[in-house]
Amino acid sequence: MNMRTPWLILALLLIAACASKPSESDAIKIGFIGALTGGAAQYGLPGYRLEQMAIDEINAQGGILGKRVEFIVEDDSCDPKKAMSAFYKLVEANKVDAIIGAHCSSSTLALAPLANENKKVLLAVMTSTNDLSKFGDDFVFRMTPPSKYWSEGLANVLVNQDLKEVVLFYFLQDYPKGAAESFKQAFEKKGGETLLEEAFDPEDKDFRTSLLKVQELQKQHPKLMVYIAAQSSDQGYLFLKQMKELGIQPYKLLGENAALSPQNYQLTGGFIEGAMYGFPYVDEKQNTFFSKALQKYKETYGEELNWMMNHFANAYDSPLVLKQAFEACQGTEPNCVRAQLKSLTYSGASGSFRFDENGDPAKFQIGVAVLGDKGLPVWSKDDQGQMLLFSSAS
């Protein structure tokens with residue numbers, strides 16, 4: 001046998017092995033940064049699962065541009081410092097093509113400048129802080145509208161019911177602070193009055209002093225409403241529990257759906273039934289695309305999603321939005337992907353969708369939810385029985 005034959009066979013085997021092993025270019029890499037642990041995991045974990053479901057379906061259908069999609073996951077626990085560390089790991093070590101995240105407003109605000117500096121598309125799913133819009137023409141996009149629009153819908157309904165006095169409480173984090181400030185601005189613009197406003201440190205546990213002030217105000221203001229904004233249900237629960245223990249029953253309890261969650265309905269024994277909040281509206285029953293995803297989620301994880309439906313629709317849509325942009329670019333070049341995101345029209349779980357010049361949703365509807373049985377949201381209707389929906393201008 002020729003002496004070179006073993007070496008030739010070895011070389012052929014090495015070539016075959018290399019050919020069968022996917023190179024980095026054979027996969028499109030999408031990073032994820034979100035809250036999988038901590039209080040915000042209550043909505044962060046289902047959001048991640050829906051994103052993973054969408055990516056699994058993309059891969060089952062041949063991937064993107066014939067390439068498998070790799071989803072690289074980082075947990076930030078709603079902590080901006082952890083989010084920034086996760087960003088550098090995904091960009092520098094994992095070489096991702098785009099990032100979905102973060103969920104929490106404080107984390108996304110920390111990531112936005114990094115995304116622009118590194119020319120890396122960042123697609124936030126649940127971030128609602130108004131401050132994200134200020135970044136303008138950049139690599140940052142989000143799927144949910146700014147909280148100022150949620151607040152306008154709620155303020156409209158209250159003032160139309162001649163309810164014009166409120167006390168305002170919130171935790172000093174970007175999401176609850178922004179939600180409360182947006183509500184105050186919209187409510188006062190329509191003729192409402194804020195009789196008391198107090199902010200809490202995220203680690204505060206005792207709210208009795210503030211709540212006793214409400215008790216005193218109620219003596220002179222029988223239609224006094226209480227607004228509470230929290231980052232997570234856990235934060236909101238302590239406030240609501242102490243309100244109940246003190247026997248304080250506001251004329252209306254208002255806020256956002258982290259504090260006013262089905263979980264807190266159960267924990268407080270239904271104390272928050274009738275509470276109201278504004279939230280982006282999606283009809284999961286009429287949207288076949290989304291209802292199928294929800295059914296698959298229930299079969300896979302053994303739980304039914306019935307809260308924060310717009311956020312979860314956006315989570316499922318987010319990998320599909322990136323897929324559409326990548327395919328339009330025939331690749332993942334960041335400037336092209338950014339340009340395609342700014343011009344695309346997408347139709348999916350969240351309905352018909354496109355971004356405006358700030359990377360915010362350009363088309364959406366805001367509903368006003370009232371907590372009904374089991375703490376599940378019931379959308380408000382007008383006197384003719386029509387859904388009260390407040391639409392974007394675009």
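Undergrad: Residue-level account of the sheet that holds strand 1 (residues 27–34), with values.
TA: Pairing between sheet strands relies on hydrogen bonds along the backbone, with the strands arranged either parallel or antiparallel. Taken in spatial order, the five strands of this open sheet run 2-1-3-4-5, and their pairing is parallel. One side of each edge strand has no neighbouring strand; the edge strands of this open sheet are strand 2 (68–75) and strand 5 (140–142). Neighbour-to-neighbour, the strand axes of this sheet turn through a mean angle of 25 degrees, independent of strand direction. When strand 4 (residues 122–124) meets strand 5, the two strands line up parallel, connected through three bridges. Paired with Leu122 across the two strands is Val140, which belongs to strand 5. Each of strand 1, strand 2 and strand 3 (98–101) is contacted by helix 2 (residues 41–60), which is oriented at about 165 degrees to strand 2, the strand it contacts most.

Undergrad: Lay out helix 5 (residues 147–160) in plain terms, naming residues and giving numbers.
TA: Between the first and last C-alpha of helix 5 there are 20 Å, a value that for 14 residues agrees with the 20 Å anticipated at 1.5 Å per step. Those residues of helix 5 not exposed but buried are Ser147, Trp150, Ser151, Gly153, Leu154, Ala155, Val157, Leu158 and Val159. Asp162 sits one or two residues past helix 5 and shows a positive phi near 60 degrees.

Undergrad: Describe the side chain of Thr194, listing the residues and the values that go with them.
TA: Here Thr194 shows up in strand 7 (residues 193–200). Given the relative accessible area of 18%, Thr194 is considered buried. Ignoring any residue separated from it by four or fewer positions in sequence, one finds Thr194 in contact with Val166, Leu168, Lys184 and Glu188.

Undergrad: Give a description of the packing of aromatic side chains that names residues and reports values.
TA: Tallied over the full model, the rule gives 22 aromatic pairs. Here Tyr48 and Phe71 contribute two aromatic rings whose centre-to-centre distance is 6.1 Å and whose plane-to-plane angle is 10 degrees, an arrangement assigned as stacked. With Tyr48 in helix 2 and Phe71 in strand 2, the pair connects residues that are 23 residues apart, well separated along the chain. Across the pair, exposure class does not vary: Tyr48 and Phe71 are buried alike. A centroid spacing of 5.9 Å and a plane angle of 85 degrees characterise the contact between Phe87 and Tyr88, whose relative ring orientation is edge-to-face. Taken together, the ring pairs connect Phe169, Phe171, Phe200, Phe207 and Phe239 into an aromatic cluster. Residue placement shows Arg338 over the ring face of Phe139; its charged tip is 4.4 Å from the ring centre.

Undergrad: Lay out the environment of Pro361 in plain terms, naming residues and giving numbers.
TA: Here Pro361 is to be found in the loop between strand 12 (351–353) and strand 13 (365–371). Here Pro361 falls in the buried class, since its relative accessible area comes to 5%. For the pair Pro361 and Lys223, spaced 138 residues apart in sequence, the C-alpha to C-alpha distance is 35 Å. Excluding anything up to four places from it in sequence, Pro361 contacts Arg142, Met143, Thr144, Pro145, Phe353, Arg354 and Asp356.

Undergrad: For the nonpolar core, give the residues involved together with the corresponding values.
TA: Ranked by internal contacts, the top residues of the largest apolar core, which has 85 residues, are Phe169, Phe239, Leu253, Phe290, Phe312 and Leu341. When residues of this core are assigned to their parent elements, the largest contribution, 11 residues, is made by helix 11 (residues 309–329). Listed in part, the 20 residues of the second largest apolar core include Ala179, Tyr227, Ala229 and Leu254.

Undergrad: Help me get a handle on helix 10 (residues 288–301), residues and values and all.
TA: Here helix 10 spans 20 Å end to end across 14 residues, near enough to the 20 Å set by a 1.5 Å rise per residue. Those residues of helix 10 that sit buried are Phe290, Ala293, Leu294 and Tyr297. The buried residues of helix 10 occupy one face: seen down the axis, they fall within an arc of 100 degrees. What points out from helix 10, more than 90 degrees from its buried face, is the exposed set Lys292 and Glu299. Two or three places before Phe289, at the opening of helix 10, Asn287 has a side-chain oxygen 3.1 Å from that residue's backbone nitrogen. Immediately beyond the C-terminal end of helix 10, within one or two residues, lies Gly302, with a positive phi of roughly 70 degrees.

Undergrad: Summarise the pairing of strand 8 (residues 225–229); cite the residues concerned and give the values.
TA: With five of its five residues buried, strand 8 lies for the most part within the structure. Of the two faces of strand 8, both are covered, the one formed by Met225, Tyr227 and Ala229 as well as the one formed by Val226 and Ile228. Of the pairings in the sheet, the one linking strand 8 to strand 9 (residues 252–255) comprises four bridges and is parallel in character. Residue pairing in the sheet places Val226 in a bridge with Leu253 of strand 9.

Undergrad: Please set out the state of the cysteines residue by residue, giving values where relevant.
TA: Scanning the entire structure with this criterion turns up two disulfides. With its sulfur 2.0 Å from that of its partner, Cys78 forms a disulfide with Cys104. Between Cys78 and Cys104, the disulfide has an S-S torsion of -120 degrees and is therefore left-handed. Of this pair, Cys78 sits in the loop between strand 2 and helix 3 (80–93) while Cys104 sits in the loop between strand 3 and helix 4 (105–117); the two residues are 26 residues apart in sequence, bridging distant segments of the chain. Sequential numbering of the bridged cysteines in the chain gives the disulfide pattern 1-2, 3-4.

Calculation rules
Residues numbered from 1 in each chain as written. Predicted model: local features only at pLDDT ≥ 70, side-chain atom pairs only at ≥ 80, totals over all residues. Heavy atoms only, no water. Pairing = 2+ DSSP bridges. Helix = DSSP H or I, 4+ residues; strand = E, 2+ residues; numbered from the N terminus. Axes fitted to C-alpha atoms, helices over the stretch in contact; angles between N-to-C directions. Contact = heavy atoms within 4.5 Å. Expected span 1.5 Å × (residues − 1). Buried < 20%, exposed > 50% of the residue type's maximum accessible area, 1.4 Å probe, protein only. Phe/Tyr/Trp six-rings, centres within 6.5 Å; stacked < 30°, edge-to-face > 60°. Lys NZ or Arg CZ within 6 Å of the ring centre and 35° of its normal. Core = buried A, V, L, I, M, F, W, Y, C linked by side-chain atoms within 4.5 Å. Arc of directions from axis to C-beta. Polar contact = N/O pair within 3.5 Å; in protein donor to acceptor, adjacent residues only side chain to side chain. Disulfide = S-S within 2.5 Å.

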